Amino acid sequence: HFDLPEFGSIAKNFNLMGESLQKSTAENQRLALIAQQTADAVMIHDLNGNISFWNAAAQKIFGYAPEDIIGKSASILTPKGEERDLAQNMRAINDRRNVENHDTQRQARDGRIVDVSISAAPLIDPQTNELIGDICSMRDITERKHAEIAERKAEVAENKLEENRQITHLIQKHIEDERRSLARELHDELGQYVTAIKTFAVAIANKTKEKAPEVEASAQTIVAAANHIYDGMHNIIRQLRPGSLDNLGLVETLKDAINNVQKQQPNLNITLEFSGNLDGLGESLNINIYRIVQESINNAIKHAEAKNIEVKLAITKTGALQLTIKDDGKGMDVNAVDQTNHFGLLGMRERVQGFKGSFNVDSEPNAQMVTKVSSKKAGVKSAGSQSSGTTIYINIPQALNVSN
Ligand SMILES: Nc1ncnc2c1ncn2[C@@H]1O[C@H](COP(=O)(O)OP(=O)(O)O)[C@@H](O)[C@H]1O
Ligand SMILES: [Mg+2]
């Protein structure tokens, strides 16, 4: 590789070489050797643009042997439509200017277009100070160009992903806001009325206890119905918006939610394990983690008929959030899950992606477990993977400085 100043000096030395052919110095021989052996194509053109020197790399890149090209015009290497490019270079040489790292294209003998970076310097006869041609090097930058294109594509994809992430995040936030206001409406408006109905019904029951027992019985029915509505409503409110999230934080809210599930499903065993400081996660992560746990437990109950569910939530020393939810249920074929009408797993993934985290599901349908034992996957399983059911792994590398 020539740096440009060095390149200029090579040009100068080539000039000197012409002057002192018979007293060729060691330095000139060394330079001639470099020109012959360098990985860049090096060629010399005379004033008409005909090639008079052609090194091994030039042959390798363009496919012409020296005897096929020496004496021919440089335009033999110029792709159709790029003639102006060559003319421009020749003009620079005629003006005794250098061409520096000019990125363009040339054509090989087999028609292949090669991306090249061209540097050229005028050759001047030192005795007469006349321009006699130029020395030109062409570096093959095809790989660099391909890398640049790949890089640009990756950048575009990354931007797109980031855009999607932000939109999903916004939508999730909007939904949560909406739910919160619904929960508030339910609680403040409907809740008041139900309480009022119950209070009146209790009063009626008290007043009619002796005089009109049949009215009292009806009043008691209203009380029972009001209680029912009240409980149902609070269940809905809890689903809509776990109020304790704001007051008690994530850990207590999860414990509370799981206690509630546990009450409704006495045969199910749910364990919760926390580690690290989970207080500083911020509202947005809190609600999203809560939703993910909620949905995975629902799934484990509804689809897997699990007997045991393990939820582990940790903040590592580096501030990463790691959540694993494992059930011992019937498992599923992860690749066959229909996500056109089922948004639970998809929603979890999107929530996690919104925080630039990773979401992985490890599961296999139980029915296939038996046959899989002898297959390749058996090795993977024995290497620490769970033996049945479903495990969801979530990792959010930077969980502590997430904005809400
Ligand atoms: N823990 C699980 N165990 C077994 N199958 C599951 C589990 N979680 C999800 N699935 C399967 O994946 C499908 C998609 O789940 P999900 O996206 O949550 O949608 P939905 O719960 O509305 O069906 C479910 O219908 C079920 O077949
Ligand atoms: Mg679901």
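Each remark here, short or long, concerns the structure printed above.
Each value, and the rule that gives it
- Residues numbered from 1 in each chain as written.
- Chains lettered and ligands numbered in written order.
- Predicted model: local features only at pLDDT ≥ 70, side-chain atom pairs only at ≥ 80, totals over all residues.
- Heavy atoms only, no water.
- Axes fitted to C-alpha atoms, helices over the stretch in contact; angles between N-to-C directions.
- Helix = DSSP H or I, 4+ residues; strand = E, 2+ residues; numbered from the N terminus.
- Parallel < 35°, antiparallel > 145°, perpendicular 65-115°, else oblique.
- Left-handed = near helix turned anticlockwise from the far one by under 90°.
- Nonpolar A, V, L, I, M, F, W, Y, C, P; charged D, E, K, R; others polar.
- Pairing = 2+ DSSP bridges.
- Donors = N, O, S within 2.8 Å, 3.2 Å for Na, K, Ca; no water.
- 1 Å grid on protein atoms, 1.4 Å probe; cavity = no way out; pocket = protein on both sides within 12 Å on 5 of 7 lines; lining within 4 Å.
- Points joined across faces, edges and corners; volume = space filled by probe spheres on them.

Q: When you look at the packing of helix H6 (residues 142-208) against helix H7 (residues 213-240) in this model, what are you seeing that I'm missing?
A: Between two packed helices, the angle of one axis relative to the other and the distance separating the axes together describe the packing. Across the interface, H6 lies against H7 with an axial gap of 8 Å and an inter-helix angle of 165°. Regarding the angle of H6 to H7, the classification is roughly antiparallel. Considering how the two elements wind past one another, H6 and H7 form a crossing that is left-handed. Across the contact of H6 with H7, the residue classes break down as 22 nonpolar, seven polar and four charged.

Q: Looking at this structure, how should I read the pairing of strand E3 (residues 99-107)?
A: The two faces of the sheet receive side chains in turn, since in a regular strand these alternate between them. Sheet topology places E3 next to strand E4 (residues 113-124); seven bridges connect them, and they run antiparallel. For Val99, the partnering residue across the bridge sits in E4 and is Ala120. In this structure, the hairpin formed by E3 and E4 is closed by a connection of five residues, where Gly111 is found at a positive phi of approximately 95°.

Q: I'm lost on the coordination of the magnesium ion (ligand 2) in this one. Help?
A: Protein coordination of the magnesium ion (ligand 2) is provided by Glu295 (OE) and Asn299 (OD1), with donor distances spanning 2.0 to 2.1 Å. Here the residue Glu295 and the residue Asn299 both occupy positions in helix H9 (residues 282-302), the gap between them amounting to four residues, near one helical turn.

Q: Sorry, what's going on with the pairing of strand E2 (residues 51-54) here?
A: In terms of strand pairing, strand E1 (residues 41-46) meets E2 through three bridges, oriented antiparallel. Considered in E2, the bridge of Met43 is made with Trp54. Counted along the chain from E1 to the antiparallel partner E2, the turn is four residues long, and its residue Gly49 has a positive phi close to 85°.

Q: How should I be thinking about the layout of surface pockets in this particular structure?
A: One simple way to see leftover space: roll a probe sized like a water molecule over the atoms. Taken as a whole, the largest pocket encloses approximately 460 Å³ of empty space. In terms of lining residues, the largest pocket is bounded by 21 residues, among which Asn299, His303, Met332, Val337 and Leu345 are the most central. Those elements giving two or more residues to the lining of the largest pocket turn out to be H9, strand E8 (321-327), helix H10 (344-354) and strand E10 (390-396). The element that contributes the greatest number of residues to the lining of the largest pocket is H9, accounting for five residues.

Q: Would you mind going over empty space enclosed by the protein with me for this structure?
A: Applying the stated rule across the entire model yields two cavities of 30 Å³ or more. By volume, the largest cavity amounts to about 150 Å³. Forming the walls of the largest cavity are 15 residues, and the residues nearest its centre are His45, Leu86, Asn89, Asp134 and Cys136. Examining the composition of the lining of the largest cavity, we find that four residues originate from one element, helix H5 (residues 83-94), more than from any other. The computed volume of the second largest cavity comes to approximately 60 Å³. His45, Asp46, Leu47, Gly49, Met90, Ile93, Asn94, Gly133 and Asp134 together form the lining of the second largest cavity. Elements with a contribution of two residues or more to the lining of the second largest cavity: E1, H5 and strand E5 (131-140). For the lining of the second largest cavity, the element with the highest residue contribution is H5, accounting for three residues. Split into classes, the residues belonging to the lining of the second largest cavity amount to three nonpolar, four polar and two charged.

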